[in-house]
Every structure is written in C-alpha cells, then in structure tokens.
Amino acid sequence: MLRRFRLEEPESVQAAAQLLARYGESARIYAGGTELLLVMKEGLAHYERLVNVKKIPNLDQVRQDNGVISIGALSTHRQLSLSPAAQRRLPAFAAMEANVANVRVREVGTIGGNLCFAEPHADPGTMLLVLAARLVAAKEAGSREIPIDNFFVDAYETRLEPDEILTEIRVPLLPARSGVVYLKFGYLERPSVGVALFLSLNENANSIAEARVAVGCVGPIPKRIQEAESLLKGKSVDEASRSIVEAGAAAARASRAISDLHGSQDYKEHIVGVLLKRAFQQAVEQCR
Amino acid sequence: MATLMSKPRDAQTISLSLAVNGKTYELEVEPHELLLDVVRDRLGLTGAKRSCDVEVCGACRLLLDGRPVSSCALPAFEARGKEVQTIEGLAENGKLHPLQEAFIEHGGFQCGFCTPGMILAAKVMLEENPDPTEEHIKHFMHGNICRCTGYKKIIESILAAAKKMRG
C-alpha cells in the first residue's frame, strides 16, 4: 500500500525546480510513476511530497532540428514507439521503445523517468549510449547538457543535482551507411542482458568508420565499452567480423556483470558475447 | 497501522469527476489513493483484481480513455476528467461483448481471475488491429499472466472474437 504524500503540480520547469530546491530530499519528481510508485508501495522509499511534472507543457514532444532529434523527457514509451520522427530517423530506437516492459507500462511510463530512476534492468539507457545522446538538465538558474556517458553513476543514481529536472534527450541524426541494433535477453519481466551497437562505414563502404558498443542490465549501470569498440573501428567488415568474438569477450569483461537472480556473472558474460555477434551481423546489413 | 491509516485533519484532497462505464461519480480522493482501490472499494466494481501489485500481471487492468493501465500502481487523481472502463461496462443491454462470448465458447479461462484484464487487453488490441496474427497477439498480450490455461485457449478465443467482429 502507498503511504500518504502531498502532491505538488507545478506548471513550469522553473516552478518545479523551486519546489525541489525548497523541499530537498523529502520531495521527488513524479512523472509516469511506473518505477517510483512500486518502491514507495513496497516501503523501500518514502517521500513527503511528489512533484507531478506532467502539467508542464511541451515536454512530451519529439522534434527534429539542426541535425538533432529532440525527445521531450515526458514522452511515454508508447508515444516514442509510434512517433513518425523516431520511426523514420531512429527506427532501432522506436523498435526498442515498442518492447519496453509491457503495454500498460509503455502507456504511462516516460523516457525521462526511466533514465532518471536508473533502474539497472532497463533498455533505453543502453540504446541511448550508442546513439551518443545528450541529456538536457534544467534548474531555476538555467540548463546544461550532460553526455549520456556521464549520466549514470550507480544503480538508481544519476549525475542530476537535487533540484535539476531532465527536460530533453538530444540524439544526433545518424550518418549515411550506418546501422543501429539493440538486442536483449531475459525470461523475467525485466531484461537480464541488453546489448546495443552502432556502426558506420566509410565512404567506400569497406571499412568501419565508427563503432559504439554498450552493455546494460548485467550490472549496476549501462556502459559504453571502448575496449570492444577499438577491436572493430578502422577495420574492414571482414576483419571486424573475425574480431567479433574477441570484442564480445572484451565487452563482457568490461560490463561489470554481477551474479544475481537474473543469472550468474559467467552466464551473463556469455550472453553479452552472443548478442554482440548477432548485433554486428544485423548492423552490417543495415549499413549496406 | 491505525495511526497510519487515520486521515490527518490537514490531509490534501483532490476533487475528481470520474466517468466510469458511462456513469459519472463525484469523488474526493487523497493523492496516495490508487485507482484500483477507488474502483473496487468505493465504487464496488470488483472486476479488476489486485494480484502481482507491481504492474506485471495485468489482472488490475482498466481502460483510461480507452488505453490500458495498471490500476494497482496508478494514483486515482490521474483519472481526473478521464473515462474509465472496467469489465463491468463491456456488455451492452445485457448482451455480452463478442470477446466475452468467445472466451466462454472457446474455454479462454478457468478460474477467471485474470480474465477481466485479458479481455480488456484484447479489446484495445482489436481496436488497433482487427485482424491480428498470433505473433501480434503474443506481443500485445505479453504482460498478462494466466496460471490456469497455458494461454493457448486465450489466443484461440481472441482469434475467434476477432473473426466474429470483422463480420
């Protein structure tokens, strides 16, 4: 059961930031509530006040400007899975959103809430790492951009300051001859392993110009894995495909996988390698 | 528990005009009251069930403006000005909805605990896609747990209802 709390419903980012500054740790932002209310119902966390940010206008829009897809933090997973801009420009992202949790969670849960709650077993963070997303955090005095590589600190912990609000996720448009794949594995409600890969080919389409690899769900935070990227970048597709098992092993080692109810560390590391290999094959197809 | 439950004098209340199955209720709720409890305990509509209590199983599903939500984890104030549909509102003039008929005809339930959620899910799905494949049904219905049927008869029931509704 949910303990009693007070509800604040600011109608601007500034007003919300003021409330957060005033009430500090006794208040928490509430958007979709699909994660927050569960831990509050379990009694694992209690806040005297929830600051409902859904009355702030225009934070659920997806726009394209200046080579960037700008995703409002209050966009729900369902909105993003159906967004024409996302489907056209970031199809792998839209497909990932269409498979987050279940249809009811996608209806209510927001992309911003998902990132800020930083529950380790989640899909969007891993995907946004290989898309090189930048997160816009606003407070009363102004806003700043946080590269997503710096956003996650630990399980349930992000770089946001107590009175900062995530307003926008900015994803650069994909270059020509590129591919993006997100694959996940799990038999529980939440994913147990998530692997994302971005590849782009050079002008002659014979070598890999850029490679970004991220692994999520297996440990406390989703992580970019440069050790795996360097085994792919600059190589011909054939050379890279011969290195993919090694890259998978490097990704697994660097992923900080832990043993828990989702599986042992060894098991998760093995799956990371399998998923990266499959993702590579699919991404190469997309590039061509 | 008593102190926790008793309502403090300065408790915040939110006025709610709630249209449930076409009937409007004027209610005062506190922010922490969940839609499931309001619908079950205050309106007496017990079709939606509390089961997993963590948005996984689908037994508490209600439709809010026609869209599926887990009412076990949705504060009632989120239904402000919206229409709620529960399984009790599906039959029209005493005639069951084609999905309800199909679930009976094809044995789409045994104990029936998950059935209200299953049928409301299927209703939304068929509004979006009147001619779903079995794969589509499995993807959409993922997140509805049944511990009796093994799901096969649920899928058969939905396919049969879809066919009937297409005419």
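(A) A look at the pairing of strand β5 (residues 68-72) of chain A. Residue and element names in this part refer to chain A. When strand β4 (residues 62-65) meets β5, the two strands line up antiparallel, connected through 4 bridges. The residue of β5 that forms the bridge with D65 is V68. Hairpin connection of β4 to β5: 2 residues between the antiparallel strands, including N66 at a positive phi of 50°. Pairing analysis gives 5 bridges linking β5 to strand β10 (residues 165-172), with the strands arranged antiparallel.

(B) Quick peek at the domain arrangement of chain A. All names here are of chain A. On domain assignment, one finds that chain A holds domain 1 (6-51), domain 2 (62-172) and domain 3 (179-287). Between domain 1 and domain 2, the C-alpha centre-to-centre distance is 19 Å. Counting from both sides, the interface comprises 15 residues of domain 1 and, opposite them, 17 residues of domain 2. A per-element tally of the side of domain 1 that touches domain 2 places helix α1 (residues 13-23) first, with 7 residues. For the side of domain 1 that touches domain 2, the class distribution of residues is 8 nonpolar, 5 polar and 2 charged.

(C) Seen up close, the domain arrangement of chain B. Residues and elements named next belong to chain B. By domain assignment, chain B separates into domain 1 (12-89) and domain 2 (98-166). A C-alpha centroid distance of 22 Å is found between domain 1 and domain 2. Counting residues at the interface gives 15 residues for domain 1, matched by 11 residues for domain 2. Mapped onto the side of domain 1 that touches domain 2, the elements with two or more residues apiece are β3 (61-64) and β4 (67-70).

(D) Spatial organisation of the interface of chain A and chain B. The partner chain B presents 23 residues to the 18 residues of chain A that form the contact. Mapped by element, the contributors of at least two residues to the side of chain A that touches chain B are β1 (6-8), α2 (36-41) and α6 (103-108) of chain A. Take the side of chain A that touches chain B: its biggest share by element is 5 residues, from α6 of chain A. Per-class residue counts for the side of chain A that touches chain B are 8 nonpolar, 3 polar and 7 charged.

(E) Representation of the sheet that holds strand β5 (residues 83-85) of chain B in the model. Residues and elements named next belong to chain B. Here we have 5 strands laid out as an open sheet, ordered β2-β1-β5-β3-β4, and mixed in their pairing. Since the sheet does not close on itself, it has two edges, and those belong to β2 (23-29) and β4, each with one partner. Adjacent strand axes in the sheet meet at a mean angle of 40°, parallel and antiparallel pairs treated alike. Judged from the 2 bridges that link them, strand β1 (residues 14-20) and β5 form a sheet pairing that is parallel. Bridge assignment links V20 to a residue of β5, and that residue is V84. Strands in contact with helix α2 (residues 35-42) are β1, β2, β3 and β5; relative to β2, the strand with the most contacts, it is inclined by about 115°.

(F) Looking closely at α2 of chain B. Residue and element names in this part refer to chain B. By the burial criterion, the buried members of α2 are L35, L36, V38 and V39. Tucked into the core, α2 has its buried residues touching β1, β2, β3 and β5. Following α2 by one or two positions, G44 has its phi on the positive side, about 75°.

(G) How the structure looks around the packing of helix α3 (residues 98-105) of chain B against helix α6 (residues 152-166) of chain B. Residue and element names in this part refer to chain B. At a minimum axis separation of 8 Å, α3 and α6 run at an interaxial angle of 135°. Our classification of the angle between α3 and α6 gives oblique. Like other packed secondary-structure pairs, α3 and α6 cross with a definite hand, here right-handed. Contact residues: α3 offers P98, L99, A102, F103 and E105, while α6 offers S157, A160, A161, K164 and M165. For the contact of α3 with α6, the per-class residue count stands at 7 nonpolar, 1 polar and 2 charged.

(H) Broad picture of the pairing of β3 of chain B. All names here are of chain B. In terms of strand pairing, β3 meets β4 through 4 bridges, oriented antiparallel. Directly across from R61, in β4, lies its bridge partner S70. In this antiparallel pair of consecutive strands, β3 and β4, the connection spans 2 residues, and D65 shows a positive phi of 50°. Pairing between β3 and β5: 2 bridges, direction antiparallel. Looking at the pairing, L63 lines up with Q85 of β5.

(I) Local environment of unusual backbone geometry. Of note in the backbone geometry, A132 of chain A takes a positive phi value of approximately 55° without being a glycine. Along the chain, A132 of chain A falls in the loop between α8 (124-130) and β6 (134-139). The residue E55 of chain B is not glycine, and still its phi comes out positive at about 65°. Checked against the element boundaries, E55 of chain B lands in the loop between α2 and β3. For E55 of chain B, a count of 27 C-beta atoms within 10 Å corresponds to the buried category.

(J) Structural detail: the nonpolar core. Formed by 135 residues in total, the largest nonpolar core has its most connected members in V130, V195, L197, A251, V272 and L276 of chain A. Among residues more than four places away in sequence, those in contact with V272 of chain A are V193, V195, V215, V218, G248, A251, A252 and S255 of chain A.

Cut-offs used in this document
Residues numbered from 1 in each chain as written. Chains lettered and ligands numbered in written order. Predicted model: local features only at pLDDT ≥ 70, side-chain atom pairs only at ≥ 80, totals over all residues. Pairing = 2+ DSSP bridges. Helix = DSSP H or I, 4+ residues; strand = E, 2+ residues; numbered from the N terminus. Domains from an automatic or database assignment. Contact = placed C-beta atoms within 7 Å. Nonpolar A, V, L, I, M, F, W, Y, C, P; charged D, E, K, R; others polar. Axes fitted to C-alpha atoms, helices over the stretch in contact; angles between N-to-C directions. Buried ≥ 20, exposed ≤ 12 C-beta atoms within 10 Å, placed from the backbone. Parallel < 35°, antiparallel > 145°, perpendicular 65-115°, else oblique. Left-handed = near helix turned anticlockwise from the far one by under 90°. Core = buried A, V, L, I, M, F, W, Y, C linked by C-beta atoms within 7 Å.

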